[in-house]
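One letter stands for each residue in the lines below.
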Amino acid sequence: MNSINKEKIDLKNFTRDDLTDFVRDHGLSPYRAKQIFSWLYRPGITDFSQMTDLGKKLRKSLDDQAFFSSLTTRVREQSKDGTIKYGFLLDDGNMIESVLIPDGERNTLCVSSQVGCAMGCLFCLTATMGFIRNLTPAEIVNQVCAVRDDLLQRRLGTINNLVFMGMGEPLANFANLLSALKILMDQLGLNFSERRTTVSTCGLVPGIKELGEKIKVNLALSLHAVNDDIRGQLMPVNKTWNIAALLDACRQYPLPRRKRIMIEYILLRDINDSEKDAKQLAELMRGIRCKINLLPCNETPDLPYRQPSAEKIACFQQILLDSGYTVIVRSSRGSDISAACGQLSVSKEP
Ligand code: SAH
């Protein structure tokens, strides 16, 4: 990005309402906001001069005060299983990652919300980076734009689902997440429906409540343990909001129609993988509309956690199935290119 842009306003940080305020402040009719907004998210638009239904004078005046950003793709790596990891360079030299997970006809994009993460979960590689900074709404939305354009160009289809399961804790970057969601879910923006958009959290209870009040999206909860003792050891956040408070927030969360909360449970050998744990999990989830995803821990040489045996995983799953839950064991995707859950970690460009 050139230095002139530093003084200009990035229109991609604006929801449609924000943009309406912006054009009004500049003495324009609110109708212009709708026009401009709908151009910003079309593939191939990089310049105000392409916005052909705006007069020349207006385009010039926009160009004097504003710009709209995009991300530079630095890495595009494809796994044996089809998963594609994108590494994007930010203006300040930081890097972030997004992961595209094809599944049959459907493509799910896993989006990052922060550079690094402050939550400090012991099993997660992103946590080892520490917290660097929040992503702006534009940086969040532009991950989706960049991957969409790449798929379009290669005729690989479209993005069907968005999950905020990349780097960072989305609810710790609440205001920017909310703006990004509004843009992503706006019909004139990226047009993702509430049913195709999922925010995952390690358990920031006030954030869960606020999310439910402000926008309708699916919720995923990284639970990972069935008692406060173990959860507190694995996830420092549990010392602030314990399991009871968390499940209360889940019970009250206003889900999209016919949707269920996605409970994420990493299976860590000899830590949370016993029959007793499975039975307690079944007990704990009673009365909560949910489906359970078991994630055999992705191993990395940098962390001491290991997967349980296949037998142990199957036994854990069976106990939950017998209790009437929908349970899938999520096979690890993209692990050969370090794109799997909890493996996202990048260093700054020199
Ligand atoms: N901070 C949010 C969003 C990140 S989602 C959250 O915690 O939900 C990333 C998912 O990958 C989370 O469910 C996380 O717990 C999981 N994860 C982290 N490390 C992992 C590992 N080593 N193996 C499997 N899953 C892991």
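Treat the numbers as computed from the prediction; the structure is a model and nothing was measured.

Enquirer: Outline the domain arrangement of the protein, supporting the account with residue identities and numerical values.
Expert: Domain parsing of the protein yields domain 1 (9-67) and domain 2 (101-337). Between domain 1 and domain 2, the C-alpha centre-to-centre distance is 34 Å. Facing twelve residues of domain 1, the contacting portion of domain 2 comprises 16 residues. Between domain 1 and domain 2, a total of about 1,100 Å² is buried, with carbon and sulfur atoms accounting for 62% of that surface. Interface area lost by domain 1 to domain 2 is led by Lys12, Asn13 and Tyr41, which between them contribute 45%. One can count one salt bridge joining domain 1 with domain 2. For aspartate 186, the salt bridge identified is with arginine 16, shortest N-O distance 2.8 Å. Remark: the boundary between domain 1 and domain 2 carries four residue pairs in polar contact (both at pLDDT 80 or more). Among the elements that line the side of domain 1 that touches domain 2, the one with the most residues is helix H3 (residues 31-40), at three residues. Residue composition of the side of domain 1 that touches domain 2, grouped by class: four nonpolar, three polar and five charged.

Enquirer: Quick one: what's the story with the environment of lysine 214, residue by residue and with numbers?
Expert: Position of lysine 214 relative to the elements: it lies in helix H8 (residues 205-214). Through-space distance from the C-alpha of lysine 214 to that of leucine 178 is 8.0 Å; in sequence the pair is 36 residues apart. The contacts of lysine 214, once residues within four sequence positions are left out, are Phe174 and Leu178. Within the local environment of lysine 214, its side chain forms a polar contact with the side chain of glutamate 210, the two groups lying 2.7 Å apart.

Enquirer: Can you tell me about helix H10 (residues 243-252), naming the residues and giving the values?
Expert: Because an α-helix packs 3.6 residues into every turn, residues spaced three or four apart end up facing the same way. Buried residues of H10: Ile243, Leu246, Leu247, Ala249 and Cys250, and no others. Along H10, the residues classed as buried sweep out an arc of 155° about the axis, all on the same side. Of the exposed residues in H10, those oriented more than 90 degrees away from the buried face are Ala244 and Gln252. Packed against the buried residues of H10 are H8, strand E11 (218-222), helix H9 (228-234), strand E12 (261-267) and helix H11 (275-284).

Enquirer: Outline the site of the ligand, supporting the account with residue identities and numerical values.
Expert: With respect to spatial proximity, 18 residues lie near the ligand, and among them Glu169, Ser200, Ser222, His224 and Asn298 are the closest. The separation between an oxygen atom of the ligand and a polar side-chain atom of serine 200 is 2.6 Å. Contact distances for the ligand include 3.4 Å between an oxygen atom and a backbone N or O atom of threonine 201. With the chains in place, 95% of the 540 Å² that the ligand exposes on its own is no longer accessible. Grouping the constituent residues of the shell around the ligand by class yields nine nonpolar, eight polar and one charged.

Enquirer: Got a sec to walk through unusual backbone geometry? Specific residues and values, please.
Expert: Glycine aside, a negative phi is what most residues show, and trans is what most peptide bonds show. Although it is not a glycine, histidine 224 adopts a positive phi angle of roughly 70°. Within the fold, histidine 224 resides in the loop between E11 and H9.

Enquirer: Any chance you could break down the sheet that holds strand E13 (residues 290-296) for me, citing the residues and the numbers?
Expert: Strand order in the open sheet formed by ten strands is E3-E4-E5-E6-E9-E10-E11-E12-E13-E14, with mixed pairing between adjacent strands. Of all strands in the sheet, those bounded by a partner on one side alone are strand E3 (72-78) and strand E14 (327-329). Recorded for the sheet is a direction-independent mean angle of 20° between the axes of neighbouring strands. Of the pairings in the sheet, the one linking strand E5 (residues 95-103) to strand E6 (residues 106-110) comprises five bridges and is antiparallel in character.

Enquirer: Which residues make up the nonpolar core, and what values do they have?
Expert: One recurring pattern in soluble globular proteins: nonpolar side chains tend to sit buried together. Within the largest apolar cluster, 120 residues are counted, with the highest numbers of intra-cluster contacts made by Leu211, Met285 and Ile292. Considering every element that reaches this core, the biggest residue donor is helix H7 (residues 174-185), with eight residues. Of the domains in this structure, domain 1 (9-67) and domain 2 (101-337) are the two that each give at least three residues to this core. Contact partners of methionine 285, with chain neighbours within four places excluded, come to Leu223, Leu247, Ile263, Cys290, Ile292 and Tyr325.

Enquirer: Pulling in residues and values, what's your account of the packing of helix H2 (residues 16-25) against H3?
Expert: Where H2 contacts H3, the axes come no closer than 9 Å and their chain directions differ by 130°. Between H2 and H3, the angle falls in the class oblique. Pair H2 / H3 crosses with right-handed handedness. Between H2 and H3, the contacting residues are Arg16, Leu19, Thr20 and Val23 on the first element and Ala33, Lys34, Ile36, Phe37 and Leu40 on the second. The residue inventory of the contact of H2 with H3, partitioned by class, reads six nonpolar, one polar and two charged.

Enquirer: Go over the packing of H7 against H8, please, and point to the residues and values.
Expert: Across the interface, H7 lies against H8 with an axial gap of 12 Å and an inter-helix angle of 30°. In terms of orientation, H7 and H8 fall into the roughly parallel class. Judged by the sense of rotation from one axis to the other, the crossing of H7 with H8 is right-handed. In this structure, H7 contributes Phe174, Leu177, Leu178 and Leu181 to the contact, and H8 contributes Gly207, Glu210, Leu211 and Lys214. Of the residues in the contact of H7 with H8, the class split is five nonpolar, one polar and two charged.

Enquirer: Kindly report on the packing of aromatic side chains, identifying the contributing residues and their values.
Expert: In the structure shown here, the tally under the stated rule is five aromatic pairs. On the basis of an interplanar angle of 80° and a centroid distance of 5.2 Å, the ring pair of phenylalanine 48 and phenylalanine 68 is categorised as edge-to-face. With phenylalanine 48 in the loop between H3 and helix H4 (56-65) and phenylalanine 68 in the loop between strand E2 (66-67) and E3, the pair connects residues that are 20 residues apart, well separated along the chain. Relative accessible area serves as the criterion here: at 4%, phenylalanine 48 is assigned to the buried category. Between the aromatic rings of tyrosine 86 and phenylalanine 88, the centroid separation amounts to 6.0 Å while the plane-to-plane angle is 5°, which identifies the pairing as stacked.

Thresholds, definitions, all that
- Residues numbered from 1 in each chain as written.
- Predicted model: local features only at pLDDT ≥ 70, side-chain atom pairs only at ≥ 80, totals over all residues.
- Heavy atoms only, no water.
- Domains from an automatic or database assignment.
- Contact = heavy atoms within 4.5 Å.
- Buried area = accessible area lost by both parts, 1.4 Å probe.
- Salt bridge = Lys/Arg side-chain N within 4 Å of Asp/Glu carboxyl O.
- Polar contact = N/O pair within 3.5 Å; in protein donor to acceptor, adjacent residues only side chain to side chain.
- Helix = DSSP H or I, 4+ residues; strand = E, 2+ residues; numbered from the N terminus.
- Nonpolar A, V, L, I, M, F, W, Y, C, P; charged D, E, K, R; others polar.
- Buried < 20%, exposed > 50% of the residue type's maximum accessible area, 1.4 Å probe, protein only.
- Arc of directions from axis to C-beta.
- Near = heavy atom within 4 Å.
- Areas by Shrake-Rupley, 256 points an atom, 1.4 Å probe, with all protein chains shown as cover.
- Pairing = 2+ DSSP bridges.
- Axes fitted to C-alpha atoms, helices over the stretch in contact; angles between N-to-C directions.
- Core = buried A, V, L, I, M, F, W, Y, C linked by side-chain atoms within 4.5 Å.
- Parallel < 35°, antiparallel > 145°, perpendicular 65-115°, else oblique.
- Left-handed = near helix turned anticlockwise from the far one by under 90°.
- Phe/Tyr/Trp six-rings, centres within 6.5 Å; stacked < 30°, edge-to-face > 60°.

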